[in-house]
Amino acid sequence: ALLMDRVAIDLEDLALNGDTTIDPATDDFLCQCDGLLKRATSHVVDKTATPIAVTLDPFTLMLKAMPNKYLRERQRMGFFVSPHAQIDYATCIATRATGAGDAHIVGDYEGIPALGSAVRGVATMGNTKGLFMNPLNGIVGVQRNISLEYDKDVRARVFIFVLTLRVDIQMEETDAAVKILGLNVT
């Protein structure tokens, strides 16, 4: 179970942050293929010069950057941000003196909607970045030949597991994704 959790985290990291321009000496894992953040180049909201607080504003900017033809099903889309950015947004909503504000104070803030699309925290997302897209737009292909090897080091009292698989990441429609840079997470 622990091995599968670690594989899931690593694959999420590669799917999101993979970049073939990374020097293999620096990171020999993330340099294997381009992830979704690297592939999302059609619509980029760049706020790096004047970082933007995580209120409703960055989500509005991402929605407006998305072509109209993709917005008809925005309830299926999601804003993918770091957990800290998600907490900042939940805190912003929770400060409202409404039933929704109260619900976010005492309830679970996973998937809080912003303008009709869920705001989801992704553990491997950087605090200053965000992605708006339908999750089905990201494609992860895994080759069938998956091998698992294990050994044990009796002196160190540890088991060593090595899982080997071939994987590739693609985006079905780069025009249907919006990336934001320059989020100011408190």
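Residues numbered from 1 in each chain as written. Predicted model: local features only at pLDDT ≥ 70, side-chain atom pairs only at ≥ 80, totals over all residues. Heavy atoms only, no water.

So what's going on with the overall build of the protein? Which residues, and what values?
Counting its regular elements, the protein contains five helices and 12 strands. Seen through its C-alpha atoms, the protein measures out along the principal axes to roughly 60 × 40 × 30 Å. Here the protein holds 186 residues, and 37% of them are scored as buried. Considering only intrachain contacts with a sequence separation of at least 6, the fraction spanning at least 24 residues in the protein is 69%. As displayed, the protein offers around 11,100 Å² of accessible surface, 54% of which is attributable to carbon and sulfur atoms. Charge centroids of the protein, computed over 18 positive and 23 negative side chains, lie 4 Å from each other. (Helix = DSSP H or I, 4+ residues; strand = E, 2+ residues; numbered from the N terminus. Buried < 20%, exposed > 50% of the residue type's maximum accessible area, 1.4 Å probe, protein only. Contact = heavy atoms within 4.5 Å. Areas by Shrake-Rupley, 256 points an atom, 1.4 Å probe, with all protein chains shown as cover. Lys, Arg positive; Asp, Glu negative; His and termini not counted. Charge placed at Lys NZ, Arg CZ, Asp CG, Glu CD.)

Account for helix α1 (residues 2–17), with residues named and values stated.
In an α-helix, one turn spans 3.6 residues, which is why side chains three or four residues apart end up on the same side. With 16 residues, α1 extends 22 Å from end C-alpha to end C-alpha; this agrees with the ideal 22 Å at 1.5 Å per step. Residues of α1 that are buried include every one of Val7, Leu14, Ala15, Leu16 and Asn17, and no others. For α1, the secondary structure elements touched by its buried residues are α2 (36–39), β6 (129–133), β7 (138–142), β9 (158–164) and β10 (167–171). (Expected span 1.5 Å × (residues − 1).)

Please provide a residue-by-residue account of the packing of aromatic side chains, values included.
Inspection of every chain in the model, using the stated rule, returns four aromatic pairs. Residues Phe59 and Tyr89 carry aromatic rings whose centres are separated by 4.9 Å and whose planes lie at 75° to one another, so their mutual orientation is edge-to-face. Within this pair, whereas Phe59 is found in helix α3 (residues 57–65), its partner Tyr89 is found in helix α4 (residues 83–94), the two being separated by 30 residues in sequence. Feature note: the residues Phe59, Phe79, Tyr89 and Phe132 constitute an aromatic cluster, connected by ring pairs. (Phe/Tyr/Trp six-rings, centres within 6.5 Å; stacked < 30°, edge-to-face > 60°.)

Break down the pairing of β9 for me, citing the residues and quoting the values.
Two strands pair when backbone bridges link them, and strand β8 (residues 147–153) and β9 are joined in this way by seven bridges, in the antiparallel orientation. Bridging from a neighbouring strand, Tyr150 pairs with Phe161 of β9. (Pairing = 2+ DSSP bridges.)

Any details on α4? Residues and values, ideally.
For α4, built from 12 residues, the straight-helix expectation of 16 Å at 1.5 Å per residue is met to within 8% by its first-to-last C-alpha distance of 16 Å. Among the residues of α4, Ala85, Gln86, Asp88, Tyr89, Ala90, Ile93 and Ala94 are the ones counted as buried.

How would you sum up the pattern of salt bridges? Please name residues and give values.
Under the counting rule described, the total for this entry stands at five salt bridges. Here Arg6 ties to Asp10 by a salt bridge, and the two come within 2.7 Å at their closest N and O atoms. A residue pair is termed a helical-turn pair when its members lie 3 or 4 positions apart in one helix, as Arg6 and Asp10 do in helix α1 at four residues. For Asp10, a relative accessible area of 27% puts it in the partly exposed group. Across the pair Asp175 and Lys69 runs a salt bridge, and its minimum N-O distance is 3.9 Å. A residue pair is termed long-range when its members are at least 10 positions apart, and Asp175 in the loop between β10 and β11 (177–181) and Lys69 in the loop between α3 and β3 (78–81) qualify at 106 residues. Here the salt bridges share partners, and the residues they tie into one network are Asp19, Asp34 and Lys38. (Salt bridge = Lys/Arg side-chain N within 4 Å of Asp/Glu carboxyl O.)

Give me the sheet that holds β6: which residues, what numbers.
Read from one edge to the other, the open sheet built from six strands follows the order β1-β11-β6-β3-β5-β4, with strand pairing classed as mixed. On the outer flanks of this sheet lie β1 (43–46) and β4 (112–114), each paired with one strand and no other. When strand polarity is set aside, the average angle formed by the axes of neighbouring strands in this sheet is 25°. As paired elements, β3 and β6 share four bridges and run antiparallel to each other. Its bridge partner being in β6, Phe79 is matched across the sheet by Phe132. In the packing of α4 onto the sheet, the strands contacted are β3, β4 and β5 (117–121), and the crossing angle to β5 comes to about 130°. (Axes fitted to C-alpha atoms, helices over the stretch in contact; angles between N-to-C directions.)

Explain the nonpolar core to me, and be specific about the residues and the numbers.
Nonpolar side chains tend toward joint burial in soluble globular proteins. Of all hydrophobic cores here, the largest spans 25 residues; its most connected members are Phe59, Phe79, Tyr89 and Phe132. Elements with a contribution of two residues or more to this core: α3, β3, α4, β4 and β11. Top element by residues in this core is α4. It accounts for four residues. Look past the residues within four positions of Phe59 in its chain and what remains in contact with it is Val54, Phe79, Val81, Tyr89, Ala114, Leu115 and Val119. Grouped together as the second largest cluster of nonpolar side chains are 16 residues, Leu16, Cys33, Leu36 and Ala177 included. (Core = buried A, V, L, I, M, F, W, Y, C linked by side-chain atoms within 4.5 Å.)

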